[in-house]
Amino acid sequence: RSSDLIAQKFFKHAELREGTLSGEAFERTPILGFPYFPHLAGFLECRVTDEVDRGDHTVMVAQVVGAELKSAEGPLLLSSTKWQYGG
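Within each chain, residues carry numbers counting from 1 in the order of the written sequence. For this predicted model, a pLDDT threshold of at least 70 governs which residues receive local features, and a threshold of 80 or more governs which side-chain atom pairs are given and counted, while totals over whole chains, interfaces and linings are taken from all residues. In computing side-chain properties, one takes all heavy atoms of the structure into account and sets aside hydrogens as well as water.

1. A look at the overall build of the chain
Under the DSSP-based scheme used, a helix requires at least four consecutive residues in state H or I and a strand at least two consecutive residues in state E, with every element numbered from the N terminus. Helix and strand counts for the chain stand at 1 helix and 7 strands. In sequence order, the chain lays out its α and β elements as α-β-β-β-β-β-β-β. A principal-axis box enclosing the C-alpha atoms of the chain has dimensions of 35 × 35 × 30 Å. Buried, partly exposed and exposed residues are distinguished by accessible area as a fraction of the type maximum, computed with a 1.4 Å probe on protein chains only: under 20%, between the cut-offs, and over 50%, respectively. Counting over 87 residues, the chain shows a buried share of 18%. Contacts in the chain between residues at least 24 apart in sequence constitute 30% of all its contacts with a sequence separation of at least 6. A total accessible area of about 6700 Å² is found for the chain, and carbon and sulfur atoms account for 55% of it. Side chains of the chain give 9 positive and 12 negative charges; the mean places of these two sets differ by 4 Å. Throughout, a contact is declared for two residues whenever any of their heavy atoms are within 4.5 Å. In these tables, accessible area is a Shrake-Rupley quantity obtained with a 1.4 Å probe, and a residue counts as shielded only by the protein chains included in the view. We count Lys and Arg on the positive side and Asp and Glu on the negative side, and we leave His and both chain ends out. To locate a charge, take NZ of a lysine, CZ of an arginine, CG of an aspartate or CD of a glutamate.

2. Brief notes about the sheet that holds strand β2 (residues 20–21)
In this description, strands pair whenever DSSP reports at least two bridges between them. Read across the sheet, 3 strands follow the order β1-β2-β3 without closing on themselves; strand pairing throughout is antiparallel. For this open sheet the edge positions go to β1 (16–17) and β3 (24–25), each flanked by a neighbour on one side alone. Pairing geometry for β2 and β3, over 2 bridges, is antiparallel. Paired with Thr20 across the two strands is Ala25, which belongs to β3.

3. Digging into unusual backbone geometry
Leaving glycine out, the prevailing phi sign among residues is negative, and the prevailing peptide bond configuration is trans. The backbone of Glu18 shows a phi angle near 50°, a positive value even though the residue is not glycine. Residue Ser22 is not a glycine yet carries a positive backbone phi of 50°. Its place among the elements puts Ser22 in the loop between β2 and β3. Taking the relative accessible area as the measure of exposure, Ser22 reaches 15% and is therefore buried.

4. Regarding the environment of Lys9
You can see Lys9 is positioned in helix α1 (residues 2–9). Between the C-alpha atoms of Lys9 and Tyr85, which are 76 residues apart in sequence, the distance is 16 Å. As used in this structure description, the phrase polar contact means that two N or O atoms lie within 3.5 Å; if the pair is within protein, one of them must be able to donate a hydrogen and the other to accept it, and residues adjacent in sequence are counted only when both atoms belong to side chains. A polar side-chain atom of Lys9 sits 2.6 Å from a polar atom in the side chain of Glu24.

5. A closer look at the pairing of strand β7 (residues 57–69)
With 12 bridges connecting them, strand β6 (residues 42–54) and β7 associate as antiparallel partners. When the bridges of β7 are listed, Arg54 appears paired with His57. Here β6 folds back onto β7 in antiparallel fashion, the turn holding 2 residues, of which Gly55 has a positive phi close to 60°.

In structure tokens, the structure reads:
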């Protein structure tokens, strides 16, 4: 699936270069101006309201302030890829 290939690009530091983010063309969300990829299923635009530190992870609590949904082929599930999460 194409979403697998795009997700894999963001397993490392994202680079903003020549109008792309890690080589992917992007647009900006209407309210907060965050980058999103118009050729994917959509986006949630969120404003962070709190951070909760627990162990070696931080959970971000956020308010959704905008969203867009296009047709989607289904969620990208870790179990449908060859990847493993070692977090």
